[in-house]
Amino acid sequence: MVHVLLDLQGRLNGWLSVKGVIASSSRDNPVHIWDAFYGDLRATFRPYNHLDELTAAHSLCFSPDGSQLYCGFEKTVRVFYTERPGRDCEERPTVVKKQGQSGIISCLAFSPSQAVYACGSYSRTVGLYSCEDGSLLALLPQRHNGGVTHLLFSPDGYHLYTGGRKDPEILCWDLRDPGRVVFSLPRTVSTNQRIYFDLDPSGRYLMSGDTAGVMSVWDTLTAPPDGNEEVLQPFLQFQTHRDCTNGISIHPFMPLVASSSGQRQFPWPVDSDDSGSESALGEKLCSWLPASSSSTTDVLCPSVPDSPTARLPSVQMAQPNYPWMEEFQQWAEEEKQKALKLQEECLRAQFQEALQARERLEAEAIQGQQVKLQVQFDALCAGLKEQMENEKRLELQKACRRLKKEMKREASMEREKEMRVIQEQMEVKLQQLQDSLVRVCGERTQYETELKKVQASYRQFIDLTDSSLHSDYLLRLRRLGREPGLLETSTQTDEVSHTPSIP
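For every chain, the first residue of the written sequence is number 1, and numbering continues from 1 onward in sequence order. For this predicted model, a pLDDT threshold of at least 70 governs which residues receive local features, and a threshold of 80 or more governs which side-chain atom pairs are given and counted, while totals over whole chains, interfaces and linings are taken from all residues. Here the side-chain values reflect all heavy atoms present in the structure, with hydrogen atoms and water set aside.

**Remarks on the overall build of the protein chain**
Here is step 1 of the chain: Under the scheme used here, helices are H or I runs from DSSP no shorter than 4 residues and strands are E runs no shorter than 2 residues, and both carry numbers assigned from the N terminus. What the protein chain contains, in helices and strands, is four helices and 27 strands.
Here is step 2 of the chain: Relative accessibility thresholds used throughout: buried, under 20% of the residue-type maximum; exposed, over 50%; partly exposed, between the two (1.4 Å probe, protein chains only). Put simply, the protein chain has 503 residues, and 31% of those count as buried.
Here is step 3 of the chain: Residues are treated as being in contact if the distance between any of their heavy atoms lies within 4.5 Å. Excluding contacts between residues fewer than 6 apart, the proportion of contacts in the protein chain whose partners are at least 24 apart in sequence is 43%.
Here is step 4 of the chain: Carbon and sulfur atoms provide 54% of the accessible area of the protein chain, an area that totals close to 33,000 Å². Where accessible areas are quoted, they stem from the Shrake-Rupley method and a 1.4 Å probe; at the residue level, only the protein chains shown are allowed to cover.

What follows is the structure, encoded as structure tokens:
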């Protein structure tokens, strides 16, 4: 299984700046992302089952923006984010509580107009899901004979084309009325091989190959408007390959279509000793083609590696010469010229629209740049204003600190000066007090000396005179418990002198 995501403008949305990548999946291998131009491995996504075993995806599809890779498994779809390679993914089961779409999810497709994707399964069902949460929006009925192998939305998103294996028709569903088939397109699919089909950019012409190697073209606009599920026959068929035409892709803007062919071949048993075995095998293989005619085209017989057919020479593929072939070719050439002319006009109109869009985008870009520059200018102005305010605040704080420091210094000097003055004054006062104390002490000493002299004289007077003349004094001494003339002079004199008189 291979899915390709290319960006024609050289950009890959949701991915690295590369021009294109290819997603591939195979049995017993993880999902790989390859560089579409150089073949280098870009990333690897590892899906694991409930037993923590590596399991292979049965279908792959990138989201429209390229940011996600949807992988189909049995009864579930896993979503990987392209910017996060590894095993981390979002699981979206298609069966919830035994209700929903069962079977292996064999193909995926995204709607170009809505956030919706479609899943086809081998259980012959088609489901429509929401891109946001993976919830089931609608489950289309089982109309295919085999498992669904390919899905394709119309460019307007109103119709969905589905095809299956071993199924002789392609169904066109009307998504505005889910479950209703508008018409069917017959084709020959007799194997389980996946047969792709494609729509042109306008959504009018659908092309598909089949197991016989024939490419068919249908004009979807010729379908009846009532939508009675009529069979729409191809208006053009031609032989493209001698083998099964399984792949087809229409160029997005040029009148080109690419196709691929091939299927598993089983050579007939032949005798290796027979010299004409290779020729007989070549004739047997070439017998698939119609009878020879006047017009022929050189085509190599399909071959299988390591088989005798790989060495067969080129043979002639005959084409029948019908009478109406020349008229049909002329009509086809006229239609081709008309289509080229119409395409040229469309391209010119698209070119003009692109120029106008470019001018509009440039004007919007200039306006956006101006707005962005204005916002940056306003932000710079606000930043400068804030910076200036911060600088002013810092300068003011520095000035306040300097002033505070200066005031502290001046206050300290004033305090020291006052302290010196006060100290000098106290020293002067202390000196004065000391002088006064010395003078008072001197006077007291002089007074005590004179008092002692008086007391001594008084004691002598007492000792020399009659004691009867000093009754009052003696009575005071007896009252104090002292004997006259036996105590110290200073103490006796003081106590006697301070004793109150007896009445």
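Additional details are given in the paragraphs that follow.
**A closer look at the confidence of the model for the protein chain**
Here is step 1 of the chain: A residue's pLDDT is the predictor's confidence in that residue, given on a scale from 0 to 100. For the protein chain, the average pLDDT comes to 80, and 77% of its residues sit at 70 or higher.
Here is step 2 of the chain: Low pLDDT, under 50, characterises residues 3–19; the stretch is placed with 43 contacts to residues that sit more than four places away or in other chains.
Here is step 3 of the chain: Overall, residues 486–503 carries pLDDT values under 50, and its contacts beyond four positions in sequence, including any with other chains, amount to 26 contacts.

**What to know about the side chain of arginine 187**
Here is step 1 of the chain: With respect to the secondary-structure elements, arginine 187 resides in the loop between strand S18 (180–186) and strand S19 (197–199).
Here is step 2 of the chain: Here the side chain of arginine 187 touches serine 208 through a polar contact of 3.0 Å, side chain to side chain.
Here is step 3 of the chain: Not counting residues up to four positions away in its chain, the partners in contact with arginine 187 are Gly163, Gly164, Asp167, Pro168, Glu169, Ile170, Ile195, Tyr196, Phe197, Ser208, Gly209 and Trp218. Polar contacts, as counted here, are pairs of nitrogen or oxygen atoms within 3.5 Å of one another; within protein the pair requires one atom able to donate a hydrogen and one able to accept it, and residues that are adjacent in sequence qualify only if both atoms are side-chain atoms.

**Topic: the sheet that holds strand S23 (residues 236–239)**
What links the strands of a sheet is backbone hydrogen bonding, and the strands pair in either a parallel or an antiparallel sense.
Here is step 1 of the chain: The pairing criterion for strands is at least two bridges between them, as found by DSSP. Taking strand neighbours across the sheet as the criterion, the four strands line up as S19-S20-S21-S23 in an open arrangement whose pairing is antiparallel. For this open sheet the edge positions go to S19 and S23, each flanked by a neighbour on one side alone. Across this sheet, the average inter-strand angle for adjacent strands is 15°, counted without regard to direction. Fitting a line to C-alpha atoms yields each axis, with helices limited to the stretch in contact; the angle taken between N-to-C directions then spans 0 to 180 degrees.

**Thoughts on the pairing of strand S4 (residues 41–45)**
Here is step 1 of the chain: Relative to S4, strand S3 (residues 31–35) runs antiparallel, the two sharing four bridges. Residue valine 31 lies in a different strand from S4, and its bridge partner there is phenylalanine 45.
Here is step 2 of the chain: Where S3 hands over to S4, the hairpin turn is made up of five residues, of which glycine 39 adopts a positive phi near 75°.

**Describing the state of the cysteines**
Disulfide: a covalent bond connecting the sulfur atoms of a pair of cysteines.
Here is step 1 of the chain: When the sulfur atoms of two cysteines come within 2.5 Å, that pair is taken as a disulfide. Going through the model one piece at a time under the given rule, you end up with zero disulfides.
Here is step 2 of the chain: As a non-bridged cysteine, cysteine 119 has cysteine 107 as the owner of its nearest cysteine sulfur, 8.1 Å distant.

**Some remarks on the nonpolar core**
Soluble globular proteins tend to pack their nonpolar side chains together in the buried interior.
Here is step 1 of the chain: By nonpolar core we mean a set of buried residues, namely Ala, Val, Leu, Ile, Met, Phe, Trp, Tyr and Cys, connected to one another through side-chain atoms within 4.5 Å. One finds Ala118, Val126, Leu128, Leu151, Phe153, Leu160 and Trp173 to be the most contacted residues of the largest nonpolar core, which totals 16 residues.
Here is step 2 of the chain: Sorting the residues of this core by element identifies strand S11 (105–110), strand S12 (116–121), strand S13 (126–130), strand S14 (136–140), strand S15 (148–153) and strand S17 (169–174) as the ones contributing at least two each.
Here is step 3 of the chain: Here the element with the most residues in this core is S15; it accounts for three residues.
Here is step 4 of the chain: Among residues more than four places away in sequence, those in contact with phenylalanine 153 are Ala109, Phe110, Ser111, Pro112, Ala118, Leu128, His159, Leu160, Leu175 and Leu199.

**A closer look at a nonpolar patch on the surface**
Here is step 1 of the chain: Patch members must show over 30% relative accessible area and no salt bridge, and they are joined within 9 Å when carrying like charges or within 5 Å when they are nonpolar side chains of Val, Leu, Ile, Met, Phe, Trp or Tyr. Here a salt bridge means any side-chain nitrogen of Lys or Arg lying within 4 Å of a carboxyl oxygen belonging to Asp or Glu. On the surface, Phe253, Met254, Leu256 and Leu347 cluster together into a nonpolar patch covering about 360 Å² of accessible area.
Here is step 2 of the chain: The topology assignment puts leucine 347 in helix H2 (residues 325–464).
Here is step 3 of the chain: Its relative accessible area of 38% is what places leucine 347 among the partly exposed residues.

**Considerations on unusual backbone geometry**
Excluding glycine, residues mostly have negative phi values, and the peptide bonds linking residues are mostly trans.
Here is step 1 of the chain: Within the chain, aspartate 52 stands out as a residue other than glycine whose phi angle is a positive 60°.
Here is step 2 of the chain: Secondary-structure assignment places aspartate 52 in the loop between S4 and strand S5 (59–62).
Here is step 3 of the chain: The backbone of arginine 124 sits at a positive phi, close to 70°, despite the residue not being glycine.
Here is step 4 of the chain: Structurally, arginine 124 is set in the loop between S12 and S13.

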